[in-house]
Amino acid sequence: MTSTIYDVTTWTIPGSPATTAFTDIGAIVNSIIADIKINQPSQASKPGAVIYIPPGDYSLKTRIVIDISYLQIKGSGHGFTSSSIRYNAGDTSSWYEIWPGGSRVRVENTDGNSEAILINRGGLPG
């Protein structure tokens, strides 16, 4: 089986059309993970999934909770380096990229959680 690829820029959250990957990538990724859990309910049907983040600037306001196995989150450019994930950096409009063409996530955490990404796995892999 091959992994399903989800593009964060084309994903919509049912009942929340104003939420996009650019306004809150955390909410989008959490919605994709919920969909993966529904569509891959048994061990035999878990070929995995890839969440793809195309080049661009994204705001993470909601903590991402990864509670499934066989998941990859991939961006573009030179990988997620210290210049790609920015915690509470304030106004970045005057910044410029030394590695243009990458996926950049600005962590704002307006949901009250301190972590940008939480791996919440318990029990056996599955």
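Here the residue numbering is sequential within each chain, running from 1 through the sequence in written order. Since the coordinates come from a predicted model, pLDDT governs what is reported: local features require at least 70, and pairs of side-chain atoms require 80 or more to be given and counted, while whole-chain, interface and lining totals use all residues. The side-chain values count all of the structure's non-hydrogen atoms but skip hydrogen atoms and water molecules.

On to the nonpolar core. Nonpolar cores were defined as sets of buried Ala, Val, Leu, Ile, Met, Phe, Trp, Tyr and Cys residues, with membership established by side-chain atoms within 4.5 Å. Here's how the labels work: a residue is buried when its accessible area is under 20% of the maximum for its type, exposed when over 50%, partly exposed in between, all with a 1.4 Å probe on protein chains only. With 23 residues, the main nonpolar core has Val 8, Ile 25, Val 29, Ile 32, Ile 33 and Leu 60 as its most contacted residues. When residues of this core are traced back to their parent elements, those giving at least two are α1 (21-39), β2 (49-53), β3 (56-60), β4 (64-66) and β7 (103-107). A run of H or I in DSSP becomes a helix once it reaches four residues, and a run of E becomes a strand once it reaches two; helices and strands are each numbered from the N terminus. If one sorts the elements of this core by residue count, α1 sits on top with eight residues. When sequence neighbours within four positions are dropped, the list of residues in contact with Val 29 reads Val 8, Ile 51, Ile 64 and Ile 73. Residues are treated as being in contact if the distance between any of their heavy atoms lies within 4.5 Å.

We now examine the packing of aromatic side chains. Aromatic contacts are taken between Phe, Tyr and Trp rings whose centres are within 6.5 Å, Trp giving its six-membered ring; a plane angle under 30 degrees counts as stacked, one over 60 as edge-to-face, and the others as tilted. This model, assessed by the stated rule, comprises two aromatic pairs. Between Tyr 6 and Trp 11 the ring centres are 5.6 Å apart and the planes differ by 70°, which places this aromatic pair in the edge-to-face class. Each ring, one from Phe 22 and one from Tyr 58, has its centre 4.9 Å from the other, and the planes form 15°; the classification is stacked. Here Phe 22, found in helix α1, pairs with Tyr 58, found in strand β3; they are 36 residues apart in sequence, far enough to count as distant. Look at Phe 22 and you get partly exposed, because its relative accessible area is 44%.

Moving on to α1. The terminal C-alpha atoms of α1 lie 21 Å apart, and with 19 residues this falls more than 12% below the ideal 27 Å at 1.5 Å per residue. Here the bend at a residue is taken as the angle between two axes, fitted respectively to the seven residues that end there and the seven that start there. The largest bend along α1 measures about 50° and falls at Ala 27. Buried residues along α1 sit in contact with β1 (4-7), β2, β3, β4, β5 (71-75) and β7. Multiplying 1.5 Å by the helix residue count minus one yields the expected span of that helix.

Scored from 0 to 100, pLDDT reflects the predictor's confidence in each residue. Scored by pLDDT, the chain comes out at a mean of 81, with 71% of its residues at no less than 70. Within the chain, no element has a lower average pLDDT than strand β6 (residues 85-87), which sits at 55, and none a higher one than α1, at 94. Segment residues 80-84 is flagged for pLDDT under 50; beyond a separation of four residues in sequence, or across chains, it makes 12 contacts in the model.

Let us now look at the sheet that holds β2. Pairing between strands is defined by DSSP: at least two bridges between them are needed. The sheet built from three strands is open, its strands ordered β1-β2-β5 with parallel pairing. Edge positions in the open sheet fall to β1 and β5, since each of these has one partner strand only. Sheet twist, expressed as the average angle between the axes of neighbouring strands with direction ignored, equals 20°. Taken together, the five bridges between β2 and β5 define a ladder with parallel strand orientation. Directly across from Ile 51, in β5, lies its bridge partner Ile 73. Note on method: axes are straight lines fitted to C-alpha atoms, helices fitted across the in-contact stretch only, with angles between N-to-C directions ranging 0 to 180 degrees. Of the strands in this sheet, β1, β2 and β5 touch α1, which is tilted by about 160° from β2.

Before going further, it helps to examine unusual backbone geometry. Its identity as a non-glycine residue notwithstanding, Tyr 70 has a phi of 65°, on the positive side. Here Tyr 70 shows up in the loop between β4 and β5. Its identity is not glycine, yet Asn 109 carries a phi of approximately 45°, on the positive side. Summarising the element assignment, Asn 109 is placed in the loop between β7 and β8 (117-119).

By the element assignment, Asp 35 lies in helix α1. Here Asp 35 is in contact with Tyr 6 and Trp 11, once residues within four sequence places are set aside.

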